[in-house]
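# Reading the structure
Each chain is listed here by its residues.
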Amino acid sequence: MTFTMIIQQDADGWFLGSFPALHGCRTQAKSLPELYERLKEVALLCLEEQKHPDVELRFIGVQNIDLPAHA
């Protein structure tokens, strides 16, 4: 099975990873290689918990949107 991963980096330098098709399946790490290993582990755990993941989801793309700063 193939799943789309979303990877971001926060202001403190941590890499954050998640799987949209596996609800609540996310982790973080200080390096990308460590994040990939953790994502594999957490995905297997999530698949054990979720008997029917949203495998019907099809990745379309990612887009940024600018919003006004919070006052």
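Just so it is clear, the structure is predicted and the values come from calculations on it, not from any experiment. (Residues numbered from 1 in each chain as written. Predicted model: local features only at pLDDT ≥ 70, side-chain atom pairs only at ≥ 80, totals over all residues. Heavy atoms only, no water.)

## So, the environment of Asp66
What counts is decided by this rule: Numbering goes from the N terminus for both helices and strands, where a helix is a DSSP run of H or I of at least four residues and a strand is a run of E of at least two. Three exposure classes are used, based on accessible area relative to the maximum for each residue type with a 1.4 Å probe and protein chains only: buried under 20%, partly exposed in between, and exposed over 50%.
In this fold, Asp66 is placed in the segment after α1 (32–49). By relative accessible area, Asp66 is classed as exposed at 78%. In this structure the C-alpha to C-alpha distance between Asp66 and Phe19, which are 47 residues apart in sequence, comes to 24 Å.

## Concerning the sheet that holds strand β2 (residues 15–18)
The following threshold applies: Whether two strands pair depends on DSSP finding at least two bridges between them. Each axis is a line fitted through C-alpha atoms, taken for helices only over the stretch in contact, and angles between the N-to-C directions span 0 to 180 degrees. We call two residues contacting when some pair of their heavy atoms lies within 4.5 Å.
The three strands lie next to each other as β1-β2-β3, forming an open sheet whose pairing is antiparallel. Of all the strands in the sheet, just β1 (6–9) and β3 (26–29) have a single pairing partner and so form its edges. Neighbouring strand axes in the sheet, compared pairwise and without regard to direction, differ in orientation by 20° on average. As defined by bridge partners, β1 adjoins β2 across four bridges and the pair is classed as antiparallel. Of the residues in β2, the one forming a bridge with Ile7 is Gly17. Packing of α1 onto the sheet brings it into contact with β1, β2 and β3, and relative to β3 it is tilted by some 155°.

## A look at the confidence of the model for the protein chain
Where we set the bar: pLDDT measures the predictor's confidence residue by residue and takes values from 0 up to 100.
Per-residue confidence for the protein chain gives a mean pLDDT of 88, with 93% of residues at or over 70. The weakest mean pLDDT in the protein chain belongs to α1 at 94; the strongest belongs to β3 at 97.

## Some details on the nonpolar core
A general tendency of soluble globular proteins is for nonpolar side chains to be buried together. Here is the rule: Side-chain atoms within 4.5 Å link the members of a nonpolar core, which is a set of buried Ala, Val, Leu, Ile, Met, Phe, Trp, Tyr and Cys residues.
Within the largest apolar cluster, twelve residues are counted, these being Phe3, Phe15, Phe19, Ala21, Leu22, Cys25, Ala29, Leu35, Leu39, Val42, Ala43 and Cys46. With near-sequence residues (within four places) excluded, Phe15 lies in contact with Ile7, Gln8, Gln9, Thr27, Gln28, Ala29, Lys30, Ser31, Leu32 and Leu35.

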